[in-house]
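# Reading the structure
One letter stands for each residue in the lines below.
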Amino acid sequence: MSNKEPKEALIEWLESYGIEGELTPLTGDASFRKYYRIDDGFQKAIVMDASAQPESVAPFVDIAHRLFEAGVRTPKINAFEPTEGFVFMEDLGSTHMSDVLETEAETVYPKAIDTIRQMQLTETEGLPFYDRDFLLLEMELMQEWYLDKFLKISISSDQQNIIDQTLETIADKVLEQPQGFFVHRDFHSRNLMFDCSDKLVVIDFQDARVGAVTYDLVSLLRDVYVELDPQEVERLALHFRDIKGLDVDDEMFMKWFDFMGLQRHIKILGIFARLALRDGKEGYLKDIPLTLKYVTEVASKYDETKALGELLKKYSNI
């Protein structure tokens, strides 16, 4: 690892390829990564600085290659430096799927759903599994960061039993649906862009795992940044089931979808609170109400989860 400041080392690395120009900071994601746009007069490109966790670059490059081999469009990687944590890649502009939903939702959602179908053909050998322990570990963030640290709630032993038993039930229900699929883990409207041919481009895929068939579908259709009409959610979810060729009735498929969504959104309650409290990213607090709405509305549908939904409604004052 270089002793230079990360940005100084990044500039030096770019110059070693003959690339010079102003590094313009871009709004990043919820991670440790920083992004810059560079224009050297000949080309525009995006530079990812993951020097805070350089070990993340190798998985990023590996998964980008796997997705390319599966026919999924991702940003083209022109160069990377895994020791320092730098990636030099294609500039796709600044239009995300979330920017066009008001006018193009009817066409882009089917495109995105077909992208999930294609993405699930990706080679998964060597990727970590979304096993029961990991499903529970993620959901436990909700109590630690949302209930304990954000709301400052003291949980009784009876309430603790409700939380523990419900999270275990959710994990078990998730594992009842078909497994073994490539899971992006954050497949939503802010992580989809467009290339010059108007093809969807998948970004932010480096944390992929192997897991349930509905994970990325619920990430897209119950997006924590965009709320769709519930009837449209069900229609699109069942459209995925049909193009995927899954032999399961509507009720069971939607139960798979609902319980996968509970797992994801319970985790996200904890992540949004942690981003605000630990990382100073308070902008994510405004996304808690929709995330909480997803959890409480779905939880109210099933006997196994009603008590947890009521507990969250009580302490969140909704």
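Residues numbered from 1 in each chain as written. Predicted model: local features only at pLDDT ≥ 70, side-chain atom pairs only at ≥ 80, totals over all residues. Heavy atoms only, no water.

### Focus: the pattern of salt bridges
Convention followed: Only one rule defines a salt bridge in this text: a Lys or Arg side-chain nitrogen within 4 Å of an Asp or Glu carboxyl oxygen. Helix numbering and strand numbering both begin at the N terminus, where a helix is a DSSP run of H or I of at least 4 residues and a strand a DSSP run of E of at least 2. Buried, partly exposed and exposed residues are distinguished by accessible area as a fraction of the type maximum, computed with a 1.4 Å probe on protein chains only: under 20%, between the cut-offs, and over 50%, respectively.
Enumeration according to the criterion identifies 23 salt bridges in this entry. One salt bridge in this structure joins Lys111 and Asp198, with 3.7 Å as the shortest N-O distance. A residue pair is termed long-range when its members are at least 10 positions apart, and Lys111 in helix 3 (residues 101-119) and Asp198 in the loop between strand 7 (192-194) and strand 8 (200-202) qualify at 87 residues. Judged by relative accessible area, which is 36%, Lys111 ranks as partly exposed. The partner of Lys293 in a salt bridge is Glu227, and the shortest N-O contact between them spans 2.6 Å. Highlighted residues: Lys293 in helix 9 (residues 288-299) and Glu227 in the loop between helix 6 (215-221) and helix 7 (230-244), separated in sequence by 66 residues.

### Digging into empty space enclosed by the protein
Where we set the bar: Here a cavity is any set of points on a 1 Å grid over the protein atoms alone where a 1.4 Å probe fits but cannot get out, and a pocket is any open set with protein on both sides within 12 Å along at least 5 of 7 lines; a residue lines the site when it has an atom within 4 Å of a point. Grid points are joined across faces, edges and corners, and a volume is the space filled by probe spheres set on the points.
Across all of its chains, the model carries one cavity of 30 Å³ or more by this definition. One number sums up the size of the largest cavity: a volume of about 30 Å³. Secondary structure elements with two or more residues in the lining of the largest cavity: helix 8 (250-277) and helix 9. No other element matches helix 8, which puts four residues into the lining of the largest cavity.

### A few points about the nonpolar core
Our working rule: Within this scheme, the nonpolar core is defined by two criteria: the residues are buried Ala, Val, Leu, Ile, Met, Phe, Trp, Tyr or Cys, and they are joined through side-chain atoms within 4.5 Å. Residue contacts follow a heavy-atom distance rule, with two residues in contact if any of their heavy atoms lie within 4.5 Å.
Counting residues in hydrophobic clusters, the biggest one holds 90 residues, and the most contacted among them are Tyr109, Tyr146, Leu217, Leu220, Leu221, Phe253 and Ile266. What Leu220 contacts, discounting residues up to four positions off in sequence, is Met97, Tyr109, Ala112, Ile113, Ile116, Phe187, His188 and Leu192. Counting residues in each nonpolar core, the second largest holds 13 residues, with Ala9, Ile19, Phe86 and Phe88 among its members.

### Some thoughts on the packing of helix 4 (residues 132-150) against helix 5 (residues 157-176)
Defined as follows: For helices, the axis comes from a line fit to the C-alpha atoms of the stretch in contact; other axes are also lines fit to C-alpha atoms, and the angle between any two N-to-C directions lies between 0 and 180 degrees. Helix crossings get a hand from a simple test, with the near helix turned counterclockwise from the far one by less than a right angle marking a left-handed crossing and a clockwise turn marking a right-handed one. Note on residue categories: nonpolar means Ala, Val, Leu, Ile, Met, Phe, Trp, Tyr, Cys or Pro, charged means Asp, Glu, Lys or Arg, and polar means any other residue, Gly included.
Here helix 4 crosses helix 5 at 145°, and the two axes come no closer than 9 Å. Relative to helix 5, helix 4 is oriented so that their crossing is right-handed. Contact with helix 4, carried on its side by Arg132, Leu135, Leu136, Met139, Glu140, Gln143 and Leu147, involves Gln160, Ile163, Leu167, Glu168, Ile170, Ala171, Asp172, Val174 and Leu175 of helix 5 and no other residues of that element. Per-class residue counts for the contact of helix 4 with helix 5 are ten nonpolar, two polar and four charged.

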